[in-house]
Amino acid sequence: MIQLKSMLNVIDNSGAAVAECVKVLKMHRAAKTGDRIIVVVQKQRNFGPESGPGGSVSVSAANKVRRGDIRHAVVVRTAKKLQRPDGSVVKFDDNACVLINKGGDPIGTRLNGIVGKELREKKWSKILSLAPMHL
């Protein structure tokens, strides 16, 4: 259940670490797994010592997004319990999202962490193909 001001972990390598939801798109209720939202990047991810001043990759080139950027995202995990049609109940430890562009393609090239199986019904196959596991 993601709503206004909800904080989400960003699980791709786009350069963002934490994002805050500012809008749930196309509905008047809270967002669940697979829903599209608009987020503001609150915290940037640092990519270690090799991306510093003496490294081969500059920080601006490694990070595709910066702090304060407004981006679209897809919710991939929620801490709220969700009952599936087969009767099973699934609950994740945190709220997480993947940043996407306006066309619906993921900004990052890798995902770390599992994603919910509900993305399959909502036609987010590009995110499912990048994820190491879907539960």
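In the nomenclature of an unreviewed UniProt entry, the protein chain is known as Large ribosomal subunit protein uL14m of Salinomyces thailandicus. Heading Sequence similarities (unreviewed entry) of the UniProt record for the protein chain holds this comment: "Belongs to the universal ribosomal protein uL14 family."

### What to know about the overall build of the protein chain
Helix and strand counts for the protein chain stand at three helices and seven strands. The secondary structure elements of the protein chain, listed N-terminal to C-terminal, are β-β-β-α-β-β-β-β-α-α. Within the span of the protein chain, comprising 135 residues, buried residues form 44% of the whole. The contacts of the protein chain with a sequence gap of at least 6 include a subset with a gap of at least 24, amounting to 54%. Total accessible area computed for the protein chain in this model is approximately 7700 Å², and 53% of it derives from carbon and sulfur atoms.

### Considering the environment of K102
Residue placement: K102 occurs in the loop between β7 (96-100) and α2 (118-121). K102 has contacts with R36 and H72, leaving out every residue within four places of it along the chain.

### Some thoughts on the sheet that holds strand β3 (residues 36-44)
Around the barrel, five strands lie side by side as β1-β2-β3-β4-β7; this closed barrel has mixed pairing. With direction set aside, neighbouring strand axes in the sheet form an average angle of 55 degrees. Pairing of strand β4 (residues 70-77) with β7, which is carried by five bridges, proceeds in the antiparallel orientation. The residue bridging V74 from the neighbouring strand is V98, located in β7.

### Comments concerning the pairing of β7
Each regular strand carries side chains that alternate between the two faces of the sheet. Counted residue by residue, β7 has five buried out of five residues, so it is predominantly covered. Taking every second residue as pointing to the same face, both faces of β7 are buried, with A96, V98 and I100 on one and C97 and L99 on the other. Judged from the two bridges that link them, strand β1 (residues 7-10) and β7 form a sheet pairing that is parallel. Within β7, the position partnered with V10 by the bridge is C97.

### Brief notes about the nonpolar core
I2, L8, I37 and L99 are the most contacted members of the largest nonpolar core, which has 17 residues in total. Going through the elements one at a time, β1, β2 (16-24), β3, β4 and β7 are the ones with two or more residues in this core. The biggest single contributor to this core is β2, with four residues. Not counting chain neighbours up to four residues away, the residues in contact with L8 comprise I2, A17, V18, A19, C21, I37, V75, N95, A96 and C97. Grouped together as the second largest cluster of nonpolar side chains are 13 residues, V74, V76, I100 and L128 included.

Reading the values: the criteria
- Residues numbered from 1 in each chain as written.
- Predicted model: local features only at pLDDT ≥ 70, side-chain atom pairs only at ≥ 80, totals over all residues.
- Heavy atoms only, no water.
- UniProt positions renumbered as here; feature names shortened; annotations may be inferred.
- Helix = DSSP H or I, 4+ residues; strand = E, 2+ residues; numbered from the N terminus.
- Buried < 20%, exposed > 50% of the residue type's maximum accessible area, 1.4 Å probe, protein only.
- Contact = heavy atoms within 4.5 Å.
- Areas by Shrake-Rupley, 256 points an atom, 1.4 Å probe, with all protein chains shown as cover.
- Pairing = 2+ DSSP bridges.
- Axes fitted to C-alpha atoms, helices over the stretch in contact; angles between N-to-C directions.
- Core = buried A, V, L, I, M, F, W, Y, C linked by side-chain atoms within 4.5 Å.

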